[in-house]
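Chain and residue survey
Listed here are the chains, written in short residue letters.
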Amino acid sequence: MTGLLSVARTLDRCTVLGPGTRAVVWVQGCPLRCRGCVAAETLPFDGGTARPVAEVAGWLCGLDGIEGVTLSGGEPFSQARALAELLDAVRAERPDFGAMAYSGFRHEALRRGGPDRRALLARLDLLVDGPYVAARHGSLHWRGSANQRLIPLTDRYAHALAGPDTTAGIELSVGPDGSVSWAGVPPAPGFREGLEDRLAARGFVLHTEARRER
Ligand code: SF4
């Protein structure tokens, strides 16, 4: 395996970006520019950290107590080939590893995309599709605006989709270096800026840059 992933950030445990407890990989680079995007630092394609797919796969395989990974960004389908390789590598060791991804593109457009995009789709259990639209912001399960759809691609998470469609909230975590980061879907437009400003006023800085969890 020789592929490289451009990674904005990783998180080894998260309960607010998909079913159960999951790792999260935020990839770097998105061709879209949704107004109010909560992850503006992940948009340039020339940022992030280039990491071998095999290394990221090894990190995921070594995590205990998670049931899968969520691929976010940035735009995961801009790195579809490397992410499909990543899921193959992880499942070679952990066949029951779940996979969910966010995309700013609609499912129909991804299905009409090239072979790499279709290959990634074929390896996912759950997709959240569509761009973030601030005017349609809602407190919804795992997504920020009402145009975005939760699309099951296997029956793995059917039980999780049957519950109430309300926000899972946000989660703060402390890294091994003591830095604090956050994950999740903000409950209102502008929430992130307000949270960061309030914490900064008390001397806390939230980190969103690339950080190794091991
Ligand atoms: S698709 Fe997602 S990452 Fe890209 S600009 Fe829109 S909200 Fe931000």
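Parameters at a glance
Residues numbered from 1 in each chain as written. Predicted model: local features only at pLDDT ≥ 70, side-chain atom pairs only at ≥ 80, totals over all residues. Heavy atoms only, no water. Core = buried A, V, L, I, M, F, W, Y, C linked by side-chain atoms within 4.5 Å. Buried < 20%, exposed > 50% of the residue type's maximum accessible area, 1.4 Å probe, protein only. Helix = DSSP H or I, 4+ residues; strand = E, 2+ residues; numbered from the N terminus. Contact = heavy atoms within 4.5 Å. Phe/Tyr/Trp six-rings, centres within 6.5 Å; stacked < 30°, edge-to-face > 60°. Lys NZ or Arg CZ within 6 Å of the ring centre and 35° of its normal.

By the naming in an unreviewed UniProt entry, the protein chain is 4Fe-4S single cluster domain-containing protein, taken from Streptomyces synnematoformans.

**Quick word on the nonpolar core**
Ranked by size, the top nonpolar core spans 33 residues in total, and within it Leu5, Leu60, Leu71, Phe77, Leu86 and Leu124 carry the most contacts. Breaking this core down by element, the ones donating at least two residues are strand 1 (4–14), strand 2 (22–27), helix 1 (53–61), strand 4 (68–72), helix 2 (80–93), strand 5 (98–102) and helix 4 (115–122). Broken down by element, this core gets its largest block of residues, seven residues, from helix 2. Dropping the residues within four chain positions of it, Leu60 is found in contact with Ala23, Ile66, Val69, Leu86, Val90, Arg94 and Phe97.

**Focus: the environment of Val185**
Mapped onto the elements, Val185 comes out in the loop between strand 11 (180–184) and helix 6 (191–201). Considered as a pair, Val185 and Ala82 are 103 residues apart in the sequence and their alpha carbons are 25 Å apart. For Val185, the contacting residues outside a window of four places in its chain are Leu17, Trp142, Arg143, Gly144, Thr167, Gly169 and Ile170.

**Details of the packing of aromatic side chains**
In total, this model carries zero aromatic pairs according to the counting rule given. We note Arg9 situated over the ring of Trp26; from NZ or CZ to the ring centre the distance is 4.0 Å. Looking at Arg117, its charged tip hangs above the ring of Phe105, at a distance of 4.7 Å from the centre.

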